[in-house]
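Remarks on the overall topology
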Amino acid sequence: MTLLSTRPGARVMRPEYGCDLDALTFASAGPTLEMLAELVIRKAIERFAPRVARVKVHASADPEDAARLFVSVDYTIRRQQTRDRIALVVPALEMSEAG
């Protein structure tokens with residue numbers, strides 16, 4: 001989904017369009033980061049993808065690499081009532097590792 005990979009400000013004619021996952025890049029790994037990732041993604045979809053309904057977002061830490069989150073988004077296309085899922089990996093680097 002282009003929406004999730006677009007940074008706000010990247011589109012000249014629609015500067016607010018996008019999903020600000022980059023804001024989470026230096027957040028500490030853990031349940032709070034997972035919840036924030038879910039919230040940021042869900043809010044972007046609700047705002048910019050009106051044809052999508054019944055959005056469920058789940059984020060979980062990669063058990064082998066704490067610097068990554070696995071995210072899955074389950075959704076339904078309103079008109080066709082078609083269900084689909086996308087999955088992505090979001091980098092998340094703790095502040096202590098950034099220095």
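This text goes with the structure placed above it.
What comes next is a walk through the structure. Note that the coordinates shown come from a computational prediction; the quantities given were computed from them, not determined experimentally. (Residues numbered from 1 in each chain as written. Predicted model: local features only at pLDDT ≥ 70, side-chain atom pairs only at ≥ 80, totals over all residues. Heavy atoms only, no water.)

Comments concerning the overall build of the protein chain
- When helices and strands are counted, the protein chain shows three helices and three strands.
- In sequence order, the protein chain lays out its α and β elements as α-α-β-β-β-α.
- Along the first, second and third principal axes, the C-alpha set of the protein chain runs to 45 × 30 × 15 Å.
- Expressed as a percentage of the 99 residues in the protein chain, the buried residues total 33%.
- When contacts within the protein chain are restricted to residue pairs at least 6 apart in sequence, long-range pairs at least 24 apart make up 37% of them. (Helix = DSSP H or I, 4+ residues; strand = E, 2+ residues; numbered from the N terminus. Buried < 20%, exposed > 50% of the residue type's maximum accessible area, 1.4 Å probe, protein only. Contact = heavy atoms within 4.5 Å.)

Re the packing of aromatic side chains
- Overall, the coordinates contain one aromatic pair when judged by the stated rule.
- Between Tyr 17 and Phe 48 the ring centres are 5.1 Å apart and the planes differ by 65 degrees, which places this aromatic pair in the edge-to-face class. Placement of the pair is Tyr 17 in the loop between α1 (2-5) and α2 (31-48) and Phe 48 in helix α2, with a sequence separation of 31 residues.
- Taking the relative accessible area as the measure of exposure, Phe 48 reaches 13% and is therefore buried. (Phe/Tyr/Trp six-rings, centres within 6.5 Å; stacked < 30°, edge-to-face > 60°.)

Structural notes on the sheet that holds strand β2 (residues 65-77)
- Strand order in the open sheet made by the three strands is β1-β2-β3, with antiparallel pairing throughout. Bordering the open sheet on either side are β1 (52-62) and β3 (82-91), each of which pairs with just one other strand. Neighbour-to-neighbour, the strand axes of the sheet open up by a mean angle of 15 degrees, direction not taken into account. (Pairing = 2+ DSSP bridges. Axes fitted to C-alpha atoms, helices over the stretch in contact; angles between N-to-C directions.)

What to know about the pairing of β1
- As judged from the nine bridges shared by β1 and β2, these two strands associate in the antiparallel manner. Residue Ala 53 lies in a different strand from β2, and its bridge partner there is Thr 76.
- Where β1 folds back on β2, the antiparallel hairpin that results is connected by two residues.

Some words on the pairing of β3
- As paired elements, β2 and β3 share ten bridges and run antiparallel to each other. Bridging across to β3, Tyr 75 finds its partner in Asp 84.
- From the end of β2 to the start of β3, which pair antiparallel, there are four residues, and Gln 81 there has a positive phi angle of about 55 degrees.

Quick notes on the pattern of salt bridges
- Taken as a whole, this structure holds four salt bridges when the rule is applied.
- Residue Asp 74 is joined to Arg 85 by a salt bridge in which the shortest nitrogen-to-oxygen separation is 2.7 Å. With Asp 74 in strand β2 and Arg 85 in strand β3, this pair connects stretches of sequence that are eleven residues apart.
- With a relative accessible area of 24%, Asp 74 lands in the partly exposed category.
- If you follow the salt bridges from partner to partner, you end up with Asp 62, Asp 65 and Arg 68 in one network. (Salt bridge = Lys/Arg side-chain N within 4 Å of Asp/Glu carboxyl O.)

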